[in-house]
Number of protein chains: 2
Amino acid sequence: MESLQGVNGDSAELEKQLLDLGRRARRASRVLALAPPEQKNRALNAAAKILRARKNDLHEANAQDMAAARGKALGPALLDRLLLDDKRIASMAQSLEDIAALPDPVGRVLETFRRPNGLRIERVSTPLGVIGVIFESRPNVTADAGALCLKAGNAAILRAGSESFFSARLIHACLVEGLRAAGLPEDCIVLIPTRDRAAVGAMLTGLGGAIDVIVPRGGKSLVERVQAEARVPVFAHLEGIVHLYVDAEADLAKAEKILLNSKLRRTGVCGATETLLVDRAGAEKFLAPLVKLLLDARCEVRGDAATQAVDQRVKPASEQDWSTEYLDAIISVKLVDGVEGAIDHVETYGSHHTDGIVTENQATADKFQREVDSAIVIHNASTQFADGGEFGFGAEIGIATGRMHARGPVGVAQLTSFKYVVHGDGQTRA
Amino acid sequence: MESLQGVNGDSAELEKQLLDLGRRARRASRVLALAPPEQKNRALNAAAKILRARKNDLHEANAQDMAAARGKALGPALLDRLLLDDKRIASMAQSLEDIAALPDPVGRVLETFRRPNGLRIERVSTPLGVIGVIFESRPNVTADAGALCLKAGNAAILRAGSESFFSARLIHACLVEGLRAAGLPEDCIVLIPTRDRAAVGAMLTGLGGAIDVIVPRGGKSLVERVQAEARVPVFAHLEGIVHLYVDAEADLAKAEKILLNSKLRRTGVCGATETLLVDRAGAEKFLAPLVKLLLDARCEVRGDAATQAVDQRVKPASEQDWSTEYLDAIISVKLVDGVEGAIDHVETYGSHHTDGIVTENQATADKFQREVDSAIVIHNASTQFADGGEFGFGAEIGIATGRMHARGPVGVAQLTSFKYVVHGDGQTRA
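Residues numbered from 1 in each chain as written. Chains lettered and ligands numbered in written order. Predicted model: local features only at pLDDT ≥ 70, side-chain atom pairs only at ≥ 80, totals over all residues. Heavy atoms only, no water.

S.K.: Explain the packing of helix α2 (residues 37-53) of chain B against helix α6 (residues 141-151) of chain B to me, and be specific about the residues and the numbers.
M.R.: All names here are of chain B. Running from N to C, α2 and α6 point in directions that differ by 165°, and their axes come no closer than 10 Å. Overall, the two elements α2 and α6 adopt an arrangement that is roughly antiparallel. For the element pair α2 and α6, the recorded crossing hand is left-handed. The segment α2 lies against α6, with Lys40, Asn41, Ala43 and Leu44 engaging Ala147, Leu150 and Lys151. Per-class residue counts for the contact of α2 with α6 are four nonpolar, one polar and two charged. (Axes fitted to C-alpha atoms, helices over the stretch in contact; angles between N-to-C directions. Helix = DSSP H or I, 4+ residues; strand = E, 2+ residues; numbered from the N terminus. Parallel < 35°, antiparallel > 145°, perpendicular 65-115°, else oblique. Left-handed = near helix turned anticlockwise from the far one by under 90°. Contact = heavy atoms within 4.5 Å. Nonpolar A, V, L, I, M, F, W, Y, C, P; charged D, E, K, R; others polar.)

Listed below in structure tokens is the structure:
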């Protein structure tokens, strides 16, 4: 692992070593793709045990990262994300066991059809191949991302944020021990063993065809760079500008409960509502109670003229507010002309991530869910259900707003592709 | 349409006009995505009628293209592909009607699951958005590709080969008349109105975010360029190096019938077998009859030493032969060590398109179909079944060997994405 550390000055040498890592991961992926479920689960459960057993080593490695981060005067939020305490180590190990316990996503028959000539054609799930994961300071992503890829039969090439270098390296070593214990190739989970940022660029070009898909896990600037530069497919979302539309035919109590949870259960998650749209026809009944509810819960409200008229605590919303993902206790509020107006607003300012409607009118809900072109459209429930765990996918590696293959929560099943398996009895084509 | 024809010298102006085309197609795609099936079908059936009615105009436009092509001394194969005769016009119109008759692929519920909290989550198919199709000399692709995209609710941006400029332009005009007759926006099907090759480059970068996926329809050099330069996802295959493995436990009569059809039914299609692998354990029984069968059918055979020993008409195979797609009456033949050897050969030299096995041993077939990582793996039937029509998909826009989203034959259903539609009753997240 140290081999790449001294070579930061020599970019040709780095490139060569990265390409070699890619080739090794590709080779391992072929073995892993055919590994029986039990063998993959054995590796995950063994790694969980090893993580628990090496708790003290993990604290030590993490202390090195924390000291370096404090030396660079990084902010408290970043320091918190970087920290590995006993509870986080336990939960990281538990999450490996949870992933092991999920149903195996490879080899499932997704569809079967028979042709008039007697051919039977099955569509069967297969791994994607090699998945590159680029993440920032949270060291536990090393375990989570590696485990999700492994469960789906994919080799993983992980690039940890430079702040979590030592923690990620030790977590990775535990995963590799797990692989070894299960008789799987060590290269099933590869960690890029350098802090050199050139490694990210090399991954984005696919490491010479070694990487099939890239998953960025981190802030907007990381995702933006990955989406702009990647030459391989990307599973990601740039932002979640999530809307909740309260229709004139909504149930007020339900709307209040859903709004409060959608905005404030957690404000920093991508499924948190950022804009409340209220039906003009229901303004008298809904606008004041909903806005006051938010204000009383210490949520800043930025509204259009009608909303400002409701309460003097409301601040004016600017055009910029309609396309801002606050990820904070701030919401923008606007009156719209019915479900049509809501759909127009969502399609104009939204990010095609998650949007919700509250109404007792089924036809209105149908229209909204049909016409809003987002990965997740929710009727009469909190927008914060936008989550792989809540969808029953087990853990998720992220939420995708692309249209190719994975859209919405990306769990283990979404880390697979498929092939057609055709069963014949001597059929030839006319 | 003439507007872009005089601007070939001004690339900034061309770029601007292409971006405008992209924006118009994007806008039209939103209307089309929500159009009811009957409206889309009305447009397709109207266009079919119009194509038939304008037969003489089509002949005239095609004559212009043919004259220009003859002037450039293009080869007879290209001239044949370029020609639009009565039969081809009739079949082009028929194919629009066939596509109209397919089940609508949009809005299908692909999966439903219920969560313990009562949430009902549906995965529903949606259009992909805007599809860019780049094709070569066959003018009928204008109609086929435009119609497939339309049926799946996608706007299409078509770039016809420069040789078929006038034919494609008139076919496109008929499609637009069909759109108009059905009350759909004309920009649902856009034809790039210039022969300037810079237009292809602009499409490959996505026309400023207007294009969601590119489909190249043409020879290897076109696909190669598209795969290398495209900044948006591509549905394509570069080549079909298709293998047929005859196992020691195969039925000889079945193997003969399947081999002959796999290799020689049509030699120029991507599902045509290019390499025959014979199980060493069955060599005595199978090798001579199979090789002689091919030779007697005027197929050139290039073989390894064992194959050459069978018949003096066999030529020696070079290393290059194992990775050559002949698309001609030529086949390479090799002995391998059982199904393991066959899988190794396929994974080393194959192109992950289509591969077949002939055996009466179900366990051997299972192993081959599980371990060969190709989009289509066929047991006891001709490899030439690799085709959207034969799969029952109706028409196909191509066959994809990528792993993202569309793999194997790409018909109308494969031109859609999906979204999650969540039905609640006031659920909030804990």
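S.K.: Describe the sheet that holds strand β3 (residues 130-135) of chain B, with residues and values.
M.R.: Residue and element names in this part refer to chain B. One open sheet holds the four strands; their spatial order is β5-β4-β3-β6, and the pairing between them is parallel. Every interior strand has two partners, whereas the edge strands, β5 (189-191) and β6 (213-217), have only one. Adjacent strand axes in the sheet meet at a mean angle of 20° when their direction is disregarded. Two strands pair when backbone bridges link them, and β3 and strand β4 (residues 155-159) are joined in this way by five bridges, in the parallel orientation. Across the sheet, Ile134 pairs through a bridge with Arg159, a residue of β4. (Pairing = 2+ DSSP bridges.)

S.K.: Before we move on, can you summarise the pattern of salt bridges with the specific residues and values?
M.R.: Scanning the entire structure with this criterion turns up 62 salt bridges over all chains. Among the ionic pairs, Arg30(B) bridges to Glu347(A), the shortest N-O distance being 3.9 Å. In this pair, Arg30(B) sits in helix α1 (residues 11-33) while Glu347(A) sits in helix α13 (residues 338-349), so the two residues belong to two different chains. On the basis of relative accessible area, Glu347(A) is assigned to the buried category, the value being 13%. For Arg429(B), the salt bridge goes to Glu390(A), with nearest N and O atoms at 3.4 Å. Of this pair, Arg429(B) sits in the segment after β16 (416-427) while Glu390(A) sits in the loop between β13 (376-381) and β14 (398-400), each in a different chain. Note on Glu390(A): relative accessible area 23%, which makes it partly exposed. Several salt bridges share partner residues, and in doing so they unite Lys292(A), Asp296(A), Asp311(A) and Arg313(A) into one network. (Salt bridge = Lys/Arg side-chain N within 4 Å of Asp/Glu carboxyl O. Buried < 20%, exposed > 50% of the residue type's maximum accessible area, 1.4 Å probe, protein only.)

S.K.: Tell me about helix α11 (residues 283-296) of chain A, and please be specific about residues and values.
M.R.: Residue and element names in this part refer to chain A. Here α11 contains 14 residues, and its C-alpha end-to-end distance of 19 Å stays within 8% of the 20 Å for a straight helix at 1.5 Å per residue. If you check which residues of α11 are buried, you get Ala283, Phe286, Leu287, Leu290, Val291, Leu294 and Leu295. For α11, the buried positions fall inside an angular range of 140° around the axis, keeping them on one side. Turned more than 90 degrees away from the buried face of α11 sit Glu284 and Asp296, all of them exposed. Structurally, α11 contributes buried residues whose contacts are with β7 (242-246), α10 (252-264), β8 (273-279), β9 (300-303), α12 (305-310) and β11 (330-336). Arg298 lies just past α11 and shows a positive phi near 65°. (Expected span 1.5 Å × (residues − 1). Arc of directions from axis to C-beta.)

S.K.: Got a sec to walk through the relation of the copies chain A and chain B? Specific residues and values, please.
M.R.: The transform that puts chain A on chain B rotates by 180° and translates by 0.0 Å along the axis, for an RMSD of 0.0 Å. What the rotation and shift describe, once combined, is the action of a two-fold rotation axis. When C-alpha distances to the rotation axis are compared across chain A, the minimum falls at His405(A), with a value of 1.9 Å. Interface overlap between copies: 100% of the residues of chain A at the interface are likewise at the interface in chain B, consistent with a symmetric, same-surface contact. (Least-squares fit on C-alpha atoms with pLDDT ≥ 70 in both.)

S.K.: So what's going on with the confidence of the model for chain A? Which residues, and what values?
M.R.: In low-pLDDT segments, the atomic positions of the prediction should not be examined closely. Residue-level pLDDT values for chain A average 93, and 98% of them are 70 or greater. Note that pLDDT drops below 50 for residues 1-7 of chain A; the model gives that stretch 15 contacts with residues more than four away or on any other chain. (pLDDT = per-residue confidence, 0-100.)

S.K.: Requested: an account of the interface of chain A and chain B, with residues and values cited.
M.R.: Taken together, the contact between chain A and chain B spans 69 residues of the former and 69 residues of the latter. Between chain A and chain B, a total of about 5800 Å² is buried, with carbon and sulfur atoms accounting for 50% of that surface. If you sort the residues of chain A by the area they bury against chain B, Met404(A), Tyr420(A) and Arg429(A) come out on top, with a joint share of 15%. Our enumeration of links across chain A and chain B arrives at eight salt bridges. A salt bridge links Lys254(A) to Asp425(B), with the nearest nitrogen and oxygen atoms 3.1 Å apart. Summed over the shared surface of chain A and chain B, the result is 51 residue pairs in polar contact (both at pLDDT 80 or more). Only β2 (120-127), α9 (220-229), α10, α13, α14 (362-371), β13, β15 (408-410) and β16 (416-427) of chain A provide two or more residues apiece to the side of chain A that touches chain B. At eleven residues, β16(A) tops the list of elements feeding residues into the side of chain A that touches chain B. Here the side of chain A that touches chain B is built from residues that sort into 30 nonpolar, 20 polar and 19 charged. (Buried area = accessible area lost by both parts, 1.4 Å probe. Polar contact = N/O pair within 3.5 Å; in protein donor to acceptor, adjacent residues only side chain to side chain.)

S.K.: Describe helix α7 (residues 165-181) of chain A, and please don't skip the residues or the numbers.
M.R.: Residue and element names in this part refer to chain A. With 17 residues, α7 ought to run about 24 Å at 1.5 Å a step, and its terminal C-alpha atoms sit 24 Å apart, in line with that. Most of α7 is tucked away: twelve of the 17 residues are buried. Regarding α7, the residues found buried are Phe165, Ser167, Ala168, Arg169, Leu170, Ile171, His172, Cys174, Leu175, Val176, Gly178 and Leu179. Taken together, the buried residues of α7 touch α2 (37-53), α3 (55-71), α5 (86-101), α6 (141-151) and β5 (189-191).

S.K.: Give a description of the pairing of strand β11 (residues 330-336) of chain B that names residues and reports values.
M.R.: Residues and elements named next belong to chain B. Of all the seven residues making up β11, six are buried; the element is thus mostly covered by neighbouring parts of the structure. As paired strands, strand β9 (residues 300-303) and β11 are joined by four bridges and run parallel to one another. Looking at the pairing, Gly303 lines up with Val333 of β11.

S.K.: Pulling in residues and values, what's your account of unusual backbone geometry?
M.R.: Negative phi is the rule for most residues except glycine; trans is the rule for most peptide bonds. All names here are of chain B. Here Ala73, not a glycine, exhibits a phi torsion of approximately 55°, which is positive. In this structure, Ala73 sits in the loop between α3 (55-71) and α4 (76-82). Residue classification places Ala73 among the exposed residues on the basis of a relative accessible area of 65%. Of note, Asn380 is a non-glycine position whose phi angle comes to about 55°, a positive value. Secondary-structure assignment places Asn380 in strand β13 (residues 376-381).

S.K.: Describe the pairing of strand β4 (residues 155-159) of chain A, and please don't skip the residues or the numbers.
M.R.: When a strand is regular, its side chains alternate between the sheet's two faces. All names here are of chain A. Most of β4 is tucked away, with five of its five residues classed as buried. What you see with β4 is no split at all: Ala155, Ile157 and Arg159 on one side and Ala156 and Leu158 on the other are buried throughout. Of the crossover connections in this fold, the one passing from strand β3 (residues 130-135) over α6 to the parallel β4 is right-handed. On the question of chirality, the crossover connecting β4 to the parallel β5 by way of α7 is right-handed. (Right-handed = clockwise from strand over helix to strand, strands pointing away.)

S.K.: Before we move on, could you go through the sheet that holds β8(A) and cite the residues and values that matter?
M.R.: Across a sheet, paired strands are connected by hydrogen bonds in the backbone, their directions being either parallel or antiparallel. Read from one edge to the other, the open sheet built from ten strands follows the order β10(A)-β9(A)-β11(A)-β8(A)-β7(A)-β12(A)-β13(A)-β16(B)-β2(B)-β1(B), with strand pairing classed as mixed. Only two strands of the sheet have a single partner each, and these edge strands are β10 (315-316) of chain A together with β1 (109-114) of chain B. As paired elements, strand β2 (residues 120-127) of chain B and β16(B) share eight bridges and run antiparallel to each other. Counterpart to Arg120(B) in the pairing with β16(B) is His423(B). Relative to the sheet, α14(A) contacts β7, β12 (354-358) and β13 of chain A together with β16 of chain B, its axis offset from that of β16(B) by approximately 145°.

S.K.: Give a description of the UniProt feature "domain: Aldehyde dehydrogenase" (unreviewed entry) in chain A that names residues and reports values.
M.R.: The UniProt record annotates "domain: Aldehyde dehydrogenase" (unreviewed entry) at residues 23-297 of chain A. Helix makes up 51% of residues 23-297 of chain A and strand 16%, and the two end C-alpha atoms of the span are 54 Å apart. (UniProt positions renumbered as here; feature names shortened; annotations may be inferred.)

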